[in-house]
Structure formats: structure tokens, C-alpha cells
Amino acid sequence: MAGLLAALTVSLTGTRVSAIALPWFVLETTGSAAQTGLVAFAEMAPYVLAKALTGPMVDRGPRRISWVTDVVSACGAGAVVLLHGLGLLPLGALIVLVAMIGAVRGPGDLAKEVMIPEAAERGRLPLERAAGLMGVTERLAQTAGPAVGGAVVALAGAMTSLVVSAVCFALGSMVVAWALPRGMGHRARAPEEKEGYWRRFGQGVTFLRGEPLLLAVAVMVGITNLLDAAFSQVLAPVWAMESGHGPAALGLNSAVMGLTAVCGSLVAAAVAHRMRRRPVFFLAFLIAGPPRFLILATDLPLWAIVTVFAVGGFASGFVNPILGAISYERVPRPLLGRVNALQTSLAWAGIPLGGLLGGVAIAAAGLVPVLLACGSTYGFTTGLTSLRPEWREMDRLCGHGPPVLPVEEDAGATG
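Predicted model, so just to flag it, every value in this text is computed and none were measured.

Criteria and thresholds
Residues numbered from 1 in each chain as written. Predicted model: local features only at pLDDT ≥ 70, side-chain atom pairs only at ≥ 80, totals over all residues. Heavy atoms only, no water. Core = buried A, V, L, I, M, F, W, Y, C linked by side-chain atoms within 4.5 Å. Buried < 20%, exposed > 50% of the residue type's maximum accessible area, 1.4 Å probe, protein only. Helix = DSSP H or I, 4+ residues; strand = E, 2+ residues; numbered from the N terminus. Contact = heavy atoms within 4.5 Å. Axes fitted to C-alpha atoms, helices over the stretch in contact; angles between N-to-C directions. Parallel < 35°, antiparallel > 145°, perpendicular 65-115°, else oblique. Left-handed = near helix turned anticlockwise from the far one by under 90°. Nonpolar A, V, L, I, M, F, W, Y, C, P; charged D, E, K, R; others polar. Expected span 1.5 Å × (residues − 1). Arc of directions from axis to C-beta. Salt bridge = Lys/Arg side-chain N within 4 Å of Asp/Glu carboxyl O. pLDDT = per-residue confidence, 0-100. Bend = angle between axes of the 7 residues up to and from the residue. Phe/Tyr/Trp six-rings, centres within 6.5 Å; stacked < 30°, edge-to-face > 60°. Lys NZ or Arg CZ within 6 Å of the ring centre and 35° of its normal. Patch = residues over 30% accessible without salt bridge, like charges linked within 9 Å, V, L, I, M, F, W, Y side chains within 5 Å. Areas by Shrake-Rupley, 256 points an atom, 1.4 Å probe, with all protein chains shown as cover.

Caption draft 1: Up close: the nonpolar core. Grouped together as the largest cluster of nonpolar side chains are 95 residues, with contacts concentrated most on L94, L235, F281, F293, L296 and W391. Here this core gets 14 residues from one element, more than from any other, and that element is helix α10 (residues 212-243). When sequence neighbours within four positions are dropped, the list of residues in contact with L235 reads A230, F293, G358, I362, L367, V370, L371 and C374. Ranked by size, the runner-up nonpolar core spans five residues in total, among them M44, Y47, V48 and A229.

Caption draft 2: Spatial organisation of the packing of α10 against helix α15 (residues 319-330). The contact between α10 and α15 brings their axes to 11 Å, and the two run at 150°. By the criterion of interaxial angle, the relationship of α10 to α15 is roughly antiparallel. Two packed elements cross with a definite hand, and for α10 against α15 that hand is left-handed. Where α10 approaches α15, its residues L213, L214, V217 and V221 are matched on the opposing element by L323, I326, S327 and R330.

Caption draft 3: Here's a closer look at the packing of α10 against helix α12 (residues 277-288). As a packed pair, α10 and α12 sit with axes 13 Å apart at the nearest point and diverge in direction by 15°. Classified by the interaxial angle, the pair formed by α10 and α12 is roughly parallel. The interaxial crossing formed by α10 with α12 has left-handed handedness. Where α10 approaches α12, its residues M220, V221 and T224 are matched on the opposing element by F281, F282 and F285. When grouped by side-chain class, the residues that make up the contact of α10 with α12 number five nonpolar, one polar and no charged.

Caption draft 4: Representation of α12 in the model. Over its 12 residues, α12 runs 16 Å from end to end, which matches the ideal 16 Å to within 8%, given 1.5 Å per residue. Of the residues making up α12, those classed as buried are R277, F281, F282, A284, F285 and A288. Within α12, the buried residues cover an arc of 160° as seen down the axis, which keeps them to one side.

Caption draft 5: View of the pattern of salt bridges. Scanning all chains against the criterion turns up nine salt bridges. Close ionic contact of K51 with E113 constitutes a salt bridge, the shortest N to O distance being 3.5 Å. One end of the pair, K51, is in helix α2 (residues 33-53); the other, E113, is in helix α5 (residues 91-114), and 62 residues separate them in sequence. Owing to a relative accessible area of 1%, K51 belongs among the buried residues under this scheme. Among the salt bridges present, the one from D70 reaches R105, with a minimum N-O distance of 2.8 Å. One end of the pair, D70, is in helix α4 (residues 62-85); the other, R105, is in helix α5, with 35 residues separating them in the sequence. In this structure, D70 and R105 share a single accessibility class: buried. Residues joined by salt bridges that share partners form a network here, namely D70, R105, D109 and K112.

Caption draft 6: Looking closely at the confidence of the model for the protein chain. Confidence in the prediction of the protein chain, expressed as mean pLDDT, is 82, and 91% of residues score 70 or more. Within the protein chain, the lowest mean pLDDT, 75, falls on helix α7 (residues 127-156), and the highest, 94, falls on helix α13 (residues 290-296). Contacts for the low-pLDDT stretch residues 398-415, under 50 throughout, to residues beyond four places or in other chains number 45 contacts.

Caption draft 7: Layout of α10. If you check α10, its first and last C-alpha atoms are 44 Å apart, about what 32 residues at 1.5 Å a residue would give, namely 46 Å. The largest bend along α10 measures about 45° and falls at F231. Within two residues after α10, G244 carries a phi angle of roughly 85°, on the positive side.

Caption draft 8: Structural view of the packing of aromatic side chains. Summed over all chains, the structure comprises 11 aromatic pairs. For the pair F231 and F309, a centre-to-centre distance of 6.0 Å together with 35° between the ring planes defines the contact as tilted. Of this pair, F231 sits in helix α10 while F309 sits in helix α14 (residues 302-316), and the two are 78 residues apart along the sequence. For F231, a relative accessible area of 5% translates into the label buried. Judged by centre distance (5.1 Å) and plane angle (85°), the rings of F281 and F282 are edge-to-face. The pair formed by F281 and F282 is uniform in burial state, with each residue classed as buried. Cation over ring: K51 sits above W348, and NZ or CZ is 5.2 Å from the ring centre. Note that R292 overlies the ring of F231, its terminal NZ or CZ placed 5.0 Å from the centroid.

Caption draft 9: Examining the environment of L323 more closely. Mapped onto the elements, L323 comes out in helix α15. Separated by 46 residues in sequence, L323 and R277 place their C-alpha atoms 9.3 Å apart.

Caption draft 10: Spatial organisation of the environment of F380. Secondary-structure assignment places F380 in helix α18 (residues 367-385). For F380, a relative accessible area of 56% corresponds to the exposed category. For the pair F380 and R60, spaced 320 residues apart in the sequence, the C-alpha separation amounts to 40 Å.

Caption draft 11: Here's a closer look at a nonpolar patch on the surface. A cluster of nonpolar side chains, L49, L53 and W198, forms an exposed patch at the surface whose accessible area comes to about 350 Å². Position of L53 relative to the elements: it lies in helix α2.

Shown next, in the form of C-alpha cells:
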């Protein structure tokens, strides 16, 4: 469990560092919010598509896929830096390299996620606590990544920040290869694993269609993720540039939000088994989402903006542990990769469009109207969704662990 969480931390930190460096690099060199959104689209569209399609393969060998994709990510980030240094990085080449990085990050992140239940089993941890620790890991990456990315961009430029990102990906690969047992991820193999790819893919589709709660989660989170993507990829960088606060303030906001989210995730990990999930989930969403957009539309001082990000971060720390525990409880272990891939891809389907639409909207209407519209839409979506009946299922299986499919004795699967 410690090795897996360490690999998650460094890999996700690399992703967060590049999330600061790449938009700022495009904005700095082109001055175009629309082109910044285009580069974000080029990364996230392959990410979502690859994650959706590679679930059946991840179920067969998550450890190997994890370290291989981290190596490819490191090479891609390094290639961006090298070509830029040689003066051979036009926008088209940057888009191709960013698309390659996005395509391998999808299955790489998925592979680490699906090993969480087995790591919890090996470490004798309750499932809710394991999901909470994963949430803490994600929030640590959200803290360290933007802080490092913003500081390095401000002091040494975007390309140096991408070097840091490449190093993080390489380190994540080494941790997985060294710390995780070779058989990691194989305990959950089901007897039908010799069936063809499309048959296994169809099993994931069939299961997900029969889970109204998981589908409802994917739809709601899909809308909020689109808005979050527009915020992080375009709206916040444009705000940092237009306000004069610069990349350091951008990194500070993200780092403070990530730090308080770590605190929220730690609390969630400690008390998850005693929480009523549904009210906590929706309240956390409302606090973490709309205020970030609305505060940047004002002329309030930086300390007030940082305070709003801090409060929102603490609330957001409760979201992912709840979502992770629900998924691990409801999805049979042998199907976890393919079902999580489909659910996550639905939830992330709007992310590639977020930056693109955000850039176009700013070009057409300006930053402040777009911030106000996005914040209002965020609150409206969260409030209406909470009224649907399937969300009552959130508390039904609390504390019971994942359902189990019959497997051969040598597969070693347990509930």
C-alpha cells in the first residue's frame, strides 16, 4: 500500500506540474486563450478515450501498464523540452506530443487506481480508509504539483517546470517496478479472462448500465469536471495574467487548495465509516465548486481569494474518498478495471472540451462573464442532481466491501 501510494504521489505530482507549465507556456508564447484551450483539448481527449478503451487490458496486468506508461510520459515531457531548446517545437508538434502524453496517462492512472483494493487487502485496511488514503495522495499531488510548477515557472520558466514533470514520471515508474510485487493486480482474475477483448469490454458496459447510482455519479461529475477543466486550464491562467498576479499566484491558489484538501481527506479517511455519505458529498461539492469561480470575478485582494480556495479545498477532500469507496463496494473485483475505465471516461468526457470552450468563451465575452456563468452553472447542477432518487443508494452499502464474483480457487479473490 505504501509503495502504491508513493507511486501515485509522484506520478500525479508530475501531472499537476505540467498542468501549470503547459498552459502558461502557450499563453506566454502565443498570447491566445483559444490556443491554450486547444492544447488542453489535445491532452485530455486522448486521455479520456484511452482510459475508456484500455480497461480490459488493465484488468490483466495493471502493474506492468503502470510503470510502462510512466516511462512513456517521462519521454514525452522530455521531448517537449528538447525540441523547444532546439527551436523545433511549432504548435503542431507540441499538440502531437501532448496528445501522446495524454493517451498514456489514462491507462497509467487507471492501473494504479484498480490496484487499491488489493493493496488494502494486503495491508489489512478497511476499504473506506484505503479510499481515503488514495484521496489524501491525490490532494498531496494537487498541493505539491501546483506549488512546484508555479514556483519553477516564475523563477526559471515553463520548460524547466516540464523537466521536473518528466523526473516525477520517471520516479513513479521506478517506484512501481521496485516496490510492488510482480503478481500485483492478478488476484482478481476471473475465469472468463481468456475471452476476447470486446467480450470483456461488453461485460463492463453491461454491469455499468445496471448501476443507476454509478451512472448518476458519472453524469453529474462529468458536468462539473467540464467546468473545472475550463477553470484550471484557461480561466485561472487568464485571470493570473490579466490581474497581474502571475503564475506564482496561480500556483499559490492551487497549492493552498490542495493542502487544505489533504486535511479534508485525512479527516474523511479517519471517519469515513461513520459518515452519512449523501449530505456530506453534496455539501462538500457546493462549498468546493462555485465559490472559486465567483471569487475570481471580483476585485478582492489576494488574501481573500486564497481564503476561499482554502475553504473549498478542505470541503473537496471529502469528495473523492466517498466516490472511491462507493465504486470499490459496488463493482466486483474482476471487473474493476473495465467498469472504472468506463465510469471515469464518462465523468471525464467533458474535460477535453472544458479548456477549448473556456478559451472560446473568453474570446467572445471576456473573463468575468464567463467566470460568473460557470460558477452559477456549477451550483445549479449540483443542487438539482441531489434531488434524484438514485442518490439514496450512496449509504446503502456503506462499510460492506465490494461484491464478489465466483472465481477459480487459484485466482485468490476475496470479498
